[in-house]
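A look at the structure
Chain residues, written in single-letter form:
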Amino acid sequence: MKVAGFTIIKNAVVNDFPILEAIRSILPVVDEMIVLIGDSTDETIALIESIGDPKIKIHHSIWNKALRKGGVVLADETNKAFQLIDASFDWAFYIQGDEVVHEKYHQVIRAACEKYKNDLPVQGLLFKYKHFYGTYDYVGDSRKWYAHEIRIIRNNKAISAYRDAQGFRIGNQKLPVAAIDASMYHYGWVKSPEQMKKKQKESAAFWNDDTQMEKIIQSPDYYDFSEFDSLERFTGTHPNVMLDRIERKNWVIDLDVSKKKLSFKKFLLYYFEKWTGIRPFDFKNYKIIRS
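Parameters and conventions
- Residues numbered from 1 in each chain as written.
- Predicted model: local features only at pLDDT ≥ 70, side-chain atom pairs only at ≥ 80, totals over all residues.
- Heavy atoms only, no water.
- Buried < 20%, exposed > 50% of the residue type's maximum accessible area, 1.4 Å probe, protein only.
- Helix = DSSP H or I, 4+ residues; strand = E, 2+ residues; numbered from the N terminus.
- Pairing = 2+ DSSP bridges.
- Phe/Tyr/Trp six-rings, centres within 6.5 Å; stacked < 30°, edge-to-face > 60°.
- Lys NZ or Arg CZ within 6 Å of the ring centre and 35° of its normal.
- Salt bridge = Lys/Arg side-chain N within 4 Å of Asp/Glu carboxyl O.
- Core = buried A, V, L, I, M, F, W, Y, C linked by side-chain atoms within 4.5 Å.
- Contact = heavy atoms within 4.5 Å.
- Lys, Arg positive; Asp, Glu negative; His and termini not counted.
- Polar contact = N/O pair within 3.5 Å; in protein donor to acceptor, adjacent residues only side chain to side chain.
- Patch = residues over 30% accessible without salt bridge, like charges linked within 9 Å, V, L, I, M, F, W, Y side chains within 5 Å.
- Areas by Shrake-Rupley, 256 points an atom, 1.4 Å probe, with all protein chains shown as cover.
- 1 Å grid on protein atoms, 1.4 Å probe; cavity = no way out; pocket = protein on both sides within 12 Å on 5 of 7 lines; lining within 4 Å.
- Points joined across faces, edges and corners; volume = space filled by probe spheres on them.
- Nonpolar A, V, L, I, M, F, W, Y, C, P; charged D, E, K, R; others polar.

Here's the deal with the pairing of strand β4 (residues 91-94)
- Where burial is concerned, the two faces of β4 agree: the one with W91 and F93 and the one with A92 and Y94 are both buried.
- Sheet analysis places strand β1 (residues 3-9) next to β4, joined by four bridges and oriented parallel. Of the residues in β4, the one forming a bridge with G5 is F93.
- Strand direction decides the pairing type here: β4 and strand β8 (residues 148-154), joined by three bridges, are antiparallel. Its bridge partner being in β8, W91 is matched across the sheet by R154.

Right, dumping it as structure tokens:
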């Protein structure tokens, strides 16, 4: 069995993406790692080259500025990276530049790939998600954060990234997947207030039209992390590859997790999920056929 990893990245340095940690976190799981680097204006290429692992295969791309609404360019680049994976690989492990896999899941992930290798109806493997917010001490636990998403897909080139590359589909059909007991740690919302706003302004061109983009650019250079609906304290451990980055954190944000800013409907659904583990009426970008 062969597993290829793949990711896309652009301007990782200026936006302080944990891309090195992302790549390193899945290198023990994959047999090859495709990194498609966009037309960056910073030292992203040198950053990726600094990893120095022979599994890594670097490719280059120019992002299509016409695909700027709703993050569609991210799906376009993800599809380009996926197409670079050789047909000899059974699975493709996708990781975004702000996601990291905890080493405690490595064996679980490899075992799942082995288990479903010849179970051809299974076209993907579904991960749980932890979305960190503000600092490494808080996790978003409301329904605004997606609880699961596909991160390993069969090396079937009929599969493509969906919308902004949050997940995958075959055409308009949801991908049939197996749910596995592994979590993806999402750190995209962990930055200093200044760096968070800087990142938003930098990426505005890939999500918004000119009017919306101008509003974002003219907004204050400071992100207000107090504007959350619900958080909980994180009590687990972070992946080993993240420990140096966490040690270098130079900002402090204190958030009151007892405050819940939810409508009555969302309040009921929130506590129903807490009590039962069931999330009713949730959008699912996949179809679970094995669990």
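Here the narrative resumes.
Some remarks on the packing of aromatic side chains
- Taken as a whole, this structure holds 20 aromatic pairs when the rule is applied.
- Ring centres 6.2 Å apart and planes at 85° place the aromatic pair W145 and W189 in the edge-to-face group. Linking W145 in the loop between β7 (135-140) and β8 with W189 in strand β12 (residues 176-189), this pair joins segments that are 44 residues apart in sequence.
- Of the residues examined, W189 reaches a relative accessible area of 25% and is grouped as partly exposed.
- A connected cluster of aromatic rings, assembled from ring pairs, spans Y133, W145, W189, Y223, F225 and F228.
- Positioned over the ring face of F17 is K191, at 5.4 Å from the centre of the ring.

Considering the pattern of salt bridges
- Throughout the structure, instances matching the rule amount to 13 salt bridges.
- Across the pair R248 and D244 runs a salt bridge, and its minimum N-O distance is 3.0 Å.
- Here the residues in one salt-bridge network are D16, E21 and R245, joined through shared partners.

Topic: the nonpolar core
- Counting 56 residues, the largest nonpolar core has I23, M33, F93, I109, L125 and F127 as its most contacted members.
- The dominant element in this core, judged by the number of residues it contributes, is β12, at six residues.
- Leave out the neighbours within four places in its chain, and M33 touches G5, F6, T7, I23, I26, L27, K55, I56, K57 and I95.
- Grouped together as the second largest cluster of nonpolar side chains are 25 residues, W63, I85, F168 and F206 included.

Re the side chain of E149
- Looking at the element boundaries, E149 is found in strand β8.
- Lacking a salt bridge, the buried E149 has R151 as its closest oppositely charged neighbour, with an N-O distance of 5.3 Å.
- One polar contact links E149 to Q166, side chain to side chain, over a distance of 3.1 Å.
- What E149 contacts, discounting residues up to four positions off in sequence, is L125, L126, F127, Y129, Q166, G167, N285 and Y286.

Description of a nonpolar patch on the surface
- There is a patch of nonpolar side chains on the surface, built from F264, F267 and L268 and spanning about 330 Å² of accessible area.
- Structurally, the position occupied by L268 is in helix α8 (residues 264-276).

Comments concerning the layout of surface pockets
- Considered as a void within the structure, the second largest pocket measures approximately 560 Å³ in volume.
- Along the wall of the second largest pocket there are 28 residues; nearest its centre are Y129, D141, A147, E273 and R279.
- Elements with a minimum of two residues in the lining of the second largest pocket: β6 (124-133), β7, β13 (231-233) and α8.
- The greatest single-element share of the lining of the second largest pocket, amounting to five residues, is contributed by β6.

A word on empty space enclosed by the protein
- Using the criterion set out here, one finds one cavity of 30 Å³ or more in the structure.
- Of the voids in this model, the largest cavity is the one considered here, and its volume is about 40 Å³.
- Lining the largest cavity we find D16, P18, Y136, Y187, V190, K191, M242 and R245.
- Split by residue class, the lining of the largest cavity holds five nonpolar, no polar and three charged.

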